[in-house]
Amino acid sequence: MSKSSNQTLLILGVILISINLRTSIASVGPLIPFIREDLGISNGLAGFLTTLSLITFAIFSLFAPSIGKKLGHGKAIFLGILILSIGLILRVLGGISLLFIGTALTGIGIVTANVLMIPFFKARLPEKIGLMTALLSTGMSLFAAIASGISVPLAVDLGLGWRGSLASWIVLMVLALVVWIPQLRPHSSGFQAELLPAKNVWKSKLAWQVTLFMGAQSVMYFTMVTWLPDMLIARGMSPVNAGIALSYMQLISLIGTFFAPNLLIRLRHQSGVILIVGIGYFVGYSALFVHQELVTFAALTIIGIGSGASLSIAYTLISLRSAEDLTTAKLSGMVQSAGYVLAALGPLVFGISLDLFDNWNILIWFLLAMSVQFVAFGLPAGRDKKIM
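Every value quoted in this text rests on a predicted model; they were computed, and no experiment measured them. (Residues numbered from 1 in each chain as written. Predicted model: local features only at pLDDT ≥ 70, side-chain atom pairs only at ≥ 80, totals over all residues. Heavy atoms only, no water.)

(A) A look at the overall build of the protein chain. Each helix and strand counted, the protein chain has 17 helices and zero strands in total. For 388 residues, the compact-globule formula gives about 21 Å, and the C-alpha radius of gyration of the protein chain, at 20 Å, lands near that figure. Taken along the three principal axes of its C-alpha coordinates, the protein chain extends 60 × 50 × 35 Å. In the protein chain, which comprises 388 residues, the share counted as buried stands at 54%. Put simply, of all contacts in the protein chain between residues at least 6 apart along the chain, 84% involve residues at least 24 apart. For the protein chain, the exposed surface amounts to about 15,900 Å²; the carbon and sulfur share of it is 71%. (Helix = DSSP H or I, 4+ residues; strand = E, 2+ residues; numbered from the N terminus. Rg over C-alpha atoms; globule rule 2.2 N^0.38 Å. Buried < 20%, exposed > 50% of the residue type's maximum accessible area, 1.4 Å probe, protein only. Contact = heavy atoms within 4.5 Å. Areas by Shrake-Rupley, 256 points an atom, 1.4 Å probe, with all protein chains shown as cover.)

As structure tokens, then:
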């Protein structure tokens, strides 16, 4: 097979893997009422489905680099998608126990592939890091939005029920596994790089700056996704329009998600872009104090583009701040583990604050504080340095 054919298959494989990294999570939320009614579980237990995924992400992000080192990144990513597929089917076959066991397996599979994708394509296509990062983050974000939107129509309009709706994503997973088969072969050009010892990222100040930058953007994203509709409804917006507002913010984020990586890799320092995005966050969140629908959508436009750019910036920094493949993998695991821990805590912390003070402006102040952290850790993380 020619080099161009190999690259085409690799790029197609990355696209197919990326679109499977969020569908099994994003498809659950809209179906929770159906799952709750069918299995007779409480709201708390139903909500724990999402929390369980974030917990497995946080824990197994730390183990993914070792799996990649033992098997090779190509085989480990294949294993991750295979585990994801098994979990996807397992969780719809029975009752509550299988639902949670399957959900845990989907989380393990997703995070194994997610952590290793960045070091994988950095080793295989180092000249296309910007493009590959853009494809990875855009595929994840786009299909998360699609999965959220079509889960209920698949269950109700097509008569698949919640089990059939969740299981339907197996088609894309099997396709991804088939297309990924060529990447299971050893890759000689990256062999020497993989032999180089990894740096201890946990003792690196720069690694912690990248990690806390990722944490800040994760907290802002998941807090907005969790609480924005409720805040808008509390202000008098209809539930339908509040849902549209959230969908709009997620879809507009694709602009930042796709274009940020190719811009970043052309720059020696990324701090300037991070500062601009941080200022955008500050302006966007501040505009949410205004209770006017047009202003709200203008604010969500700025926030959405910044949110998409932030995810791509975080992934790109993982590549740019590390030299060796194994260091990239370990940094990816560290960054994503801490990011998911903070992502789980952010909505919870605000929820407790809302119970205590019953004031939606606290949400805006909380997000403004996180945007300051975003800039504070992003500026040093964006300097042209490598983890030593």
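(B) Fine view of unusual backbone geometry. Backbone geometry at aspartate 358 places phi at a positive 50 degrees, although glycine is not the residue there. Assignment of secondary structure puts aspartate 358 in the loop between helix H16 (325-357) and helix H17 (361-381). For aspartate 358, a relative accessible area of 63% puts it in the exposed group.

(C) Representation of the environment of proline 126 in the model. Positionally, proline 126 belongs in the loop between helix H7 (96-124) and helix H8 (129-156). Given a relative accessible area of 46%, proline 126 falls into the partly exposed group. Separated by 101 residues in sequence, proline 126 and tryptophan 227 have C-alpha atoms that sit 39 Å apart.

(D) Region of interest: the confidence of the model for the protein chain. Looking at the protein chain, the pLDDT average stands at 88 and 96% of residues meet or exceed 70. At the low end of the mean pLDDT range in the protein chain sits helix H11 (residues 191-195), at 44; at the high end sits helix H14 (residues 271-287), at 97. The model gives residues 189-194 a pLDDT under 50, and that stretch makes five contacts with residues more than four places away or in other chains. (pLDDT = per-residue confidence, 0-100.)

(E) Here's a closer look at helix H13 (residues 239-264). The end-to-end C-alpha separation of H13 is 38 Å, in line with the 38 Å expected for 26 residues at 1.5 Å each. The N-cap residue of H13 is serine 238: its side-chain oxygen and the backbone nitrogen of asparagine 241 are 3.1 Å apart. (Expected span 1.5 Å × (residues − 1). Polar contact = N/O pair within 3.5 Å; in protein donor to acceptor, adjacent residues only side chain to side chain.)

(F) Structural detail: the packing of H8 against helix H15 (residues 293-320). Their axes nearest at 10 Å, the elements H8 and H15 cross at an angle of 140 degrees. Taken together, the axis directions place H8 and H15 in an arrangement best described as oblique. Considering how the two elements wind past one another, H8 and H15 form a crossing that is right-handed. Listed contacts from H15 to Ile129, Thr133, Leu136, Ser137, Met140 and Ser141 of H8 are Leu311, Ser312, Tyr315, Thr316 and Ser319. (Axes fitted to C-alpha atoms, helices over the stretch in contact; angles between N-to-C directions. Parallel < 35°, antiparallel > 145°, perpendicular 65-115°, else oblique. Left-handed = near helix turned anticlockwise from the far one by under 90°.)

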